[in-house]
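Observations on the three-dimensional arrangement
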Amino acid sequence: MHPDIKKTWLETDVLIIDEILMINAQTFDLLHLTACEIKQCYDELFGGIQVIACGDFFQLPPIKGEFVFKSKIWQQYMTEVLVLTECLRQKEDAQFFGALNEIRFGRVSEQTIDYFITRCFEKDENLNKKYTRLFFRNVEVDFYNNDKMKSRKNEGYWFYAKDVIKNPYIQCSFQIPVAVYLKIGAIVMLVKNINVEEGLCNGTVGTVILIENNAVWVNMNGKEVKIECIKEEILDCSHAVVGSRLGLPLKLAFSFTVHKAQGSTMNKAVVNFNSKAFNNSLYYVSLSRVCNINDIFIIINNKLELRKIFESLTVDSDVLEFYKK
């Protein structure tokens, strides 16, 4: 639908897909068909584009559908597999890396359970407020973020988005929030790419330092950046705009979900285990965001509950079979 995006596809020789585990089999097949159609080449993977996929299937499964390695296109073309064995994130803490691997494979020893119990805390209130909080569900993230905003005594400002829906029969799903309440000092995250070259892309986190009528100044990556309202459009298959939203591309980020943290390395992380994870792999991902055991803080009311969690961990049988092959 977008000529500039089509041009990018046509000029692409190598496509690198990071965190391939988040893409399901159906989407991978669809991407292949799309690339073949654009390239007008139907007998090669992605119409002749070399595809390099990176990721760890022991981590998060796709939100919906089957693992990408169950795709027929994947099984036909993605035959060269390299297993990376050197750890970079936890390279300075070998014991931590070994303990994480036990959780990753779903075979947790008593020694490792005792090791992580040393990082248990019953209450969040006594921990540094600047540490990032990780939750398993969006509702927990929203509650924590709103609570943090209420605790700040300075004045707050609402930013409301303006929608134009031209076709009421099509449900438009926007990345820009319909409304966001901000105060100076609030931790925020970009939800749209603004300037990728300067690192202002979806997922970038910063601190609000100044609020104007229709814009917010945010310290991101050590730079003071002015974030203004932008327009987000939804197109149909005939390239017609069926809906648009003009709004501030920011949301609160005092905390975020483990899914959103996927791929990130954090200085410190507070993980709330009082709410059960809806997938066992979430435990491994949440604990492995930091480089050192002393940088992780597990919030749980009862240490016996943590022991039960680790003792009951299992790994997806399809993932085990994939790695055996």
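Numbering of residues begins from 1 in every chain and follows the order in which that chain's sequence is written. pLDDT decides what is reported in this predicted model: residues at 70 or higher carry local features, side-chain atom pairs at 80 or more are listed and counted, and totals for whole chains, interfaces and linings draw on all residues regardless. As a convention, hydrogens and water are excluded, and side-chain values are obtained from all of the structure's heavy atoms.

In this section: the sheet that holds strand β6 (residues 162-165). Two strands pair under a simple rule: DSSP has to find at least two bridges between them. Helix and strand assignments come from DSSP, with helices taken as H or I runs of at least 4 residues and strands as E runs of at least 2, each series counted from the N terminus. As summarised here, the arrangement of the three strands in space is β6-β13-β12, forming an open sheet in which the pairing is antiparallel. Taken across any chain shown, the strands that pair with only one partner, and hence form the sheet edges, are β6 and β12 (230-235). Each adjacent strand pair in this sheet contributes to an overall mean axis angle of 10 degrees, direction not counted. Two elements, β6 and strand β13 (residues 241-247), share four bridges in a ladder whose sense is antiparallel. Paired with Val164 across the two strands is Ser244, which belongs to β13. Where helices are involved, their axes are fitted lines through C-alpha atoms of the stretch in contact, as for all axes, and angles between N-to-C directions lie from 0 to 180°.

As a further point, take the sheet that holds strand β16 (residues 269-272). In space, the five strands of this open sheet follow the order β3-β17-β16-β4-β15, with parallel pairing throughout. Two strands close off the open sheet at either side, each with one partner strand: β3 (120-121) and β15 (255-257). As paired strands, strand β4 (residues 132-135) and β15 are joined by three bridges and run parallel to one another. When the bridges of β15 are listed, Phe135 appears paired with Thr257. Together, β4 and β15 form the strand contacts of helix α6 (residues 138-151), whose direction differs from that of β15 by roughly 175 degrees. Here, two residues are considered to be in contact whenever any of their heavy atoms come within 4.5 Å of each other.

This brings us to the pattern of salt bridges. In the sections that follow, a salt bridge refers to a side-chain nitrogen of Lys or Arg positioned within 4 Å of a carboxyl oxygen of Asp or Glu. Summed over all chains, the structure comprises 13 salt bridges. The shortest N-O distance in the salt bridge between Lys226 and Glu212 comes to 3.7 Å. Of the two residues, Lys226 sits in strand β11 (residues 223-228) while Glu212 sits in the loop between β9 (205-211) and β10 (215-220), which places them 14 residues apart along the sequence. Under the scheme applied here, a residue whose accessible area is under 20% of the maximum for its type counts as buried, over 50% as exposed, and between as partly exposed, the area being computed with a 1.4 Å probe on protein chains only. Assessed through its relative accessible area of 33%, Glu212 is described here as partly exposed. The shortest N-O distance in the salt bridge between Lys226 and Glu228 comes to 4.0 Å. Using a relative accessible area of 37% as the deciding quantity, one classes Lys226 as partly exposed. The class for Glu228 is partly exposed, based on a relative accessible area of 45%.

Two numbers describe a pair of aromatic rings. These are the distance of the centres and the angle of the planes. Note on ring pairs: Phe, Tyr and Trp rings are taken, using the six-membered ring of Trp, and paired if centres are within 6.5 Å. Classes follow the plane angle, with under 30 degrees stacked, over 60 edge-to-face and the rest tilted. Scanning the entire structure with this criterion turns up 22 aromatic pairs. Consider the rings of Phe28 and Trp74, whose centres lie 5.5 Å apart with planes at 65 degrees: the pair is edge-to-face. In this pair, Phe28 is assigned in helix α2 (residues 25-39) and Trp74 in helix α3 (residues 72-77), connecting sequence segments 46 residues apart. Exposure class is identical for Phe28 and Trp74. Each is buried. Their ring planes at 5 degrees and their centres at 5.2 Å tell us that Phe67 and Phe69 sit as a pair that is stacked. The exposure classification of Phe67 matches that of Phe69, with both residues buried. By definition here, charges over rings are those cases where NZ of Lys or CZ of Arg is within 6 Å of the ring centre and within 35 degrees of the ring normal. We note Arg119 situated over the ring of Phe297; from NZ or CZ to the ring centre the distance is 4.9 Å.

This brings us to the environment of Ala186. By the element assignment, Ala186 lies in the loop between β7 (179-183) and β8 (187-190). Under the relative-accessibility criterion, Ala186 is labelled buried at 0%. The spatial distance from the C-alpha of Ala186 to the C-alpha of Gly206 is 8.5 Å, given a sequence separation of 20 residues. Setting aside its immediate chain neighbours within four residues, Ala186 contacts Met149, Arg152, Gly206, Thr207, Val208, Leu252 and Phe254.

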